[in-house]
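Coordinates in review
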Amino acid sequence: MSKDMPKEIECIARGLVAAKSRILLCRNRKHGYCYLPGGHIEPGETAAEALAREFLEETGLSVQVGPFLLANENIFEQRGKPKHEFTVLFHVEHAVGPWPDPIPSLEDKLAFEWVEIAALPESELLPPALLAWLMAGGPEQPGGDHESAWVSDRQGP
């Protein structure tokens, strides 16, 4: 293995939260970029369990994890270090009634914000392949097959 290759593949569960024409994003306050809410899958837990746990830890909100939407592989460099992530994306609903607005953050480094779908290109949403998928209609795009949705992206060499 080259020294420029990641030492491991990170497994992540993320949720697509849509309300009317808006999508919930999680913003890294220090670096400014956004991603869909969720986090790392711990050994012994399912992706859906990890997603529900991450929502509870980061927002204090209980969620209902719905159907699988997409698998995303992303190979990139972050702060000078090679990274390789494999992400599974699920539809997510608030477990009790409508989503609050604003969404609380229990971690100082994170902010949650509702973003209009049309404004996603200006949101600094990562990874780029996920942004492209969402802008193409995401789970609602013509010919979309939820059972085999896959996007892969390699950024840089």
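This report concerns the structure included in the present document. (Residues numbered from 1 in each chain as written. Predicted model: local features only at pLDDT ≥ 70, side-chain atom pairs only at ≥ 80, totals over all residues. Heavy atoms only, no water.)

Turning to the pairing of strand β3 (residues 22-28), a few remarks are in order. Here is the key point about a regular strand: its side chains alternate between the two faces of the sheet. Within β3, six of the seven residues are buried, leaving the element largely enclosed by the surrounding structure. Here strand β2 (residues 18-19) runs beside β3; their pairing, made up of two bridges, is antiparallel. Its bridge partner being in β3, Ala-19 is matched across the sheet by Arg-22. In sequence, β2 turns back onto β3 through a hairpin of two residues, with Lys-20 there showing a positive phi of about 60°. The sheet contact formed by β3 and strand β8 (residues 110-116) spans seven bridges and is antiparallel. (Buried < 20%, exposed > 50% of the residue type's maximum accessible area, 1.4 Å probe, protein only. Helix = DSSP H or I, 4+ residues; strand = E, 2+ residues; numbered from the N terminus. Pairing = 2+ DSSP bridges.)

Glancing now at helix α2 (residues 128-135). Taken residue by residue, α2 has Ala-129, Leu-130, Leu-131, Trp-133 and Leu-134 as its buried positions. Directly beyond the C-terminal end of α2, a positive phi value near 115° is found at Gly-137.

Trans is the common state for peptide bonds, and a negative phi is the common state for residues other than glycine. Backbone torsion omega between Asp-101 and Pro-102 reads 10°, so that peptide bond is classified as cis. Looking at the element boundaries, Pro-102 is found in the loop between β7 (81-94) and β8. That bond from Leu-126 to Pro-127 is cis: its omega, -5°, falls within 30 degrees of zero. One can find Pro-127 in the loop between β8 and α2. Phi is positive for Glu-124, close to 65°, though the residue is something other than glycine. Tracing the sequence through the fold places Glu-124 in the loop between β8 and α2. Take Glu-124: its relative accessible area is 49%, and that puts it in the partly exposed class.

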